[in-house]
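Here's the letter readout for the chains.
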Amino acid sequence: MKELAGIFVFCALVALAPLLTSSGSMLNLIIMTLYAALLGQAWNILGGFGGQFSFGHAVFFGSGAYAMAVLQVKFGWNAWAALPVALALGSAVGAFIGALSFRYGLKGSYFALVTLAFAEVFRILSNTFDFTGAGVGLMVPLKESAADLQFTGKAGYLYLILAFVLAGLLLTWWLKRSRYGAWLQAVRDNEDSAAALGVNVFRVKLAAIMMSGALMAAGGAFYVQLFHYIDPHLAYGPAVSVEALLGPIIGGMGTLWGPLLGAAVLHGLGEFTRGVMGDVPGVNLMAYGVVLILMVTFLPQGIIGLFRRKARDDKKGDSGA
C-alpha cells in the first residue's frame, strides 16, 4: 500500500505545480517529462514486464494520434468522444500485430524488427491516403475550451497528461500485484517454464500488447491536442519509438517508477545540453545515445536497479556488522 500512497502523493505534488509557478517554460518541461513518462510506461508494460522488446511502438502512438485528428477534422467529432476511439484503435492495432507475431512464436530481435516494420508500413500508408492528409498531415482546428479538450494555458494540459500518467502508474501497480502480472513476468523470465505451469503464453502476451498499445495511443491523442497537428513522420517516425524505450531502460525496466525517472533524467539532460550547446541540431540525440550506451554497459537494470543494489549492499553490511 505504500507504493499506492506514493502514487497519489506524487500526482498531488505535480498537480500543485501551476499554483506554485507561472513560468511557461517550467510548466512545459513538466508536461513534456510526463508525456515522455507516459510513452515509457506504455513500452514498459510489454518490454519491461513482458520481455517483448519493441522497436516500433510508434505504430500505436500514430494510430491513436491519427484517430484523434481524423475524427475531429474529417468527421467533426468532439475530442472527448474521439479519445476512447483513439485508445481502442491503439489496442486493436496491438491485438492485430500481437496475433500475427505471437501466434507464430516471434520473439526477441524478430519481434522487435516486426514492430519496426509495421511502424514503417503504417507511415507509408498514412503518407498515401487523402483522409490522413497524406504527406501534408492534418491540422486540428483551434478551439480553446475544456469541452474540446483544448486549453488556453499550460495548466489544463498538465492535468490532462498527469491523468494519463496516473492511469499508467495504477496499471503498473496492478501488474506488480495481480495474478495476470505474475503470469506476464513468468512469461518474460521463461516462456517454456511458464507454459509448463499452465500459463497461456499467447493470451498473456496478447493482452500485454493490447494494454501497451492503448496507453501509447493515449500519448498520441495527447500530442495532437497539445500541438494541433500530426503528419506521418511525427506519428510513425522512429523518434517516438526511441523515446518510448529510452525512459524504462534508463530508469529501470519492469518497475513502477522507472519510466518516470528515466524521462526526468532525459529531459533534464536535454535542458542541460541546450543550455550549454544551444539549439545545435542533433546534440540531444548524441547525449541520449551516450547515456543509453553507458546505462546498457554499466547499469543494465537502470537507475532503480542501482538503488536496489546499494540497498542490498547496505543491508548485508549491517547484518555483517
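Look above for the structure.
Here the residue numbers are simple positions, counted from 1 along each chain's written sequence. For this predicted model, a pLDDT threshold of at least 70 governs which residues receive local features, and a threshold of 80 or more governs which side-chain atom pairs are given and counted, while totals over whole chains, interfaces and linings are taken from all residues. Hydrogen atoms and water are omitted, and side-chain values are computed over all heavy atoms in the structure.

## Description of the overall build of the protein
Item 1. Each helix and strand in the protein was counted, giving 15 helices and two strands.
Item 2. Its C-alpha atoms give the protein principal-axis dimensions of roughly 65 × 50 × 40 Å.
Item 3. Whether a residue is buried, partly exposed or exposed follows from its accessible area with a 1.4 Å probe, protein chains only, as a fraction of its type maximum: under 20%, in between, or over 50%, in that order. In the protein, which comprises 321 residues, the proportion classed as buried is 50%.
Item 4. Each accessible area is a Shrake-Rupley result for a 1.4 Å probe, and residues are judged covered by the shown protein chains and nothing else. On the protein, roughly 15,100 Å² of surface is accessible, and the fraction owed to carbon and sulfur atoms is 69%.
Item 5. Counting 20 positive and 15 negative side-chain charges, the protein places the averaged centre of each group 9 Å from the other. The secondary structure listing takes helices from DSSP runs of H or I that are at least 4 residues long and strands from runs of E that are at least 2 residues long, numbered from the N terminus. None of His or the chain ends enter the tally, which takes Lys and Arg as positive and Asp and Glu as negative. Where a charge sits is defined by one atom per residue type, namely NZ (Lys), CZ (Arg), CG (Asp) or CD (Glu).

## Section: the environment of Gln185
Item 1. Within the element layout of this structure, Gln185 appears in helix α8 (residues 179–189).
Item 2. For Gln185, a relative accessible area of 21% gives the class partly exposed.
Item 3. Taking the C-alpha atoms as reference points, Gln185 and Gly254, separated by 69 residues in sequence, lie 8.7 Å from one another.
Item 4. When near neighbours in sequence (up to four residues on either side) are disregarded, Gln185 contacts Phe49, Leu175 and Lys176. In this analysis, two residues are considered to be in contact whenever any of their non-hydrogen atoms come within 4.5 Å of each other.

## Regarding the environment of Gly48
Item 1. As for its position among the elements, Gly48 is in helix α3 (residues 24–49).
Item 2. Gly48 sits in the buried class, given a relative accessible area of 5%.
Item 3. Along the chain, Gly48 and Arg312 lie 264 residues apart, while their C-alpha atoms are 22 Å from each other.
Item 4. Those residues in contact with Gly48 that sit more than four places away from it in its chain are Trp43, Arg188, Met253 and Gly254.

## Let's talk about the packing of aromatic side chains
Item 1. Aromatic pairs are defined between Phe, Tyr and Trp rings, using the six-membered ring for Trp, whenever the two ring centres lie within 6.5 Å; interplanar angles under 30 degrees are classed as stacked, those over 60 as edge-to-face, and all others as tilted. Overall, the coordinates contain 15 aromatic pairs when judged by the stated rule.
Item 2. With a centroid separation of 6.0 Å and 15° between ring planes, the pair formed by Tyr66 and Tyr236 is classed as stacked. Residue Tyr66 is found in helix α4 (residues 58–73), and its partner Tyr236 is found in helix α11 (residues 232–236); the two are separated by 170 residues along the sequence. In terms of burial, Tyr66 and Tyr236 fall into one category: buried.
Item 3. An angle of 80° between the planes, with centres 5.9 Å apart, marks the rings of Phe96 and Phe118 as edge-to-face. Residue Phe96 is found in helix α5 (residues 79–103), and its partner Phe118 is found in helix α6 (residues 109–126); the two are separated by 22 residues along the sequence.
Item 4. In this structure Phe118 comes out as buried when scored by relative accessible area, which is 17%.
Item 5. Among the aromatic residues, those joined into a cluster by ring pairs are Tyr35, Phe61, Phe151, Tyr157, Phe222, Tyr223 and Phe227.
Item 6. Think of it as a cone above the ring: NZ of Lys or CZ of Arg counts as a charge over the ring if it is within 6 Å of the ring centre and within 35 degrees of the ring normal. Taking the ring centre of Phe202 as reference, the NZ or CZ of Arg103 above it sits at 4.0 Å.

## Here we look at the pattern of salt bridges
Item 1. Between Lys or Arg on one side and Asp or Glu on the other, a salt bridge is scored when a side-chain nitrogen of the former is within 4 Å of a carboxyl oxygen of the latter. Scanning the model with the defined rule gives six salt bridges in all.
Item 2. Residues Lys176 and Glu3 are paired through a salt bridge, measuring 3.0 Å at the closest nitrogen-oxygen approach. Taken together, the residues span a long stretch of sequence, with Lys176 in helix α7 (residues 154–177) and Glu3 in helix α1 (residues 2–15) at a distance of 173 residues.
Item 3. Residue Glu3 is classed as partly exposed on the basis of its relative accessible area, which comes to 23%.
Item 4. Two residues, Lys205 and Glu191, come together in a salt bridge whose shortest N-O distance is 3.0 Å. Placement of Lys205 in helix α10 (residues 201–227) and of Glu191 in helix α9 (residues 191–196) is noted, with a sequence separation of 14 residues between them.
Item 5. When its relative accessible area of 17% is taken as the criterion, Glu191 is described as buried.
Item 6. Among the charged side chains, a salt-bridge network with shared partners connects Glu3, Lys176 and Arg177.

## Describing the packing of α8 against α10
Item 1. Each axis is a line fitted through C-alpha atoms, taken for helices only over the stretch in contact, and angles between the N-to-C directions span 0 to 180 degrees. Where α8 meets α10, the axes come as close as 10 Å, and the angle between the chain directions of the two elements is 105°. In terms of their interaxial angle, α8 and α10 are classed as roughly perpendicular. Touching Tyr180, Trp183, Leu184 and Val187 of α8 are Val201, Val204, Lys205, Ala207, Ala208 and Met211, all from α10. The cut-offs work like this: below 35 degrees is roughly parallel, past 145 is roughly antiparallel, 65 to 115 is roughly perpendicular, and the gaps in between are oblique.

## Topic: the side chain of Thr33
Item 1. Position of Thr33 among the secondary structure elements: in helix α3.
Item 2. Those residues in contact with Thr33 that sit more than four places away from it in its chain are Ala263, Ala264 and His267.

## Some words on the nonpolar core
Item 1. What is meant by a nonpolar core is a set of buried Ala, Val, Leu, Ile, Met, Phe, Trp, Tyr and Cys residues, joined one to another through side-chain atoms within 4.5 Å. Of all hydrophobic cores here, the largest spans 85 residues; its most connected members are Met68, Ile161, Phe222 and Ile230.
Item 2. Dropping the residues within four chain positions of it, Met68 is found in contact with Ala79, Ala82, Leu83, Ala86, Leu149, Ala221, Val224 and Gln225.
Item 3. By size, the runner-up hydrophobic cluster in this structure holds eight residues, among which are Leu246, Leu266, Val291 and Ile303.

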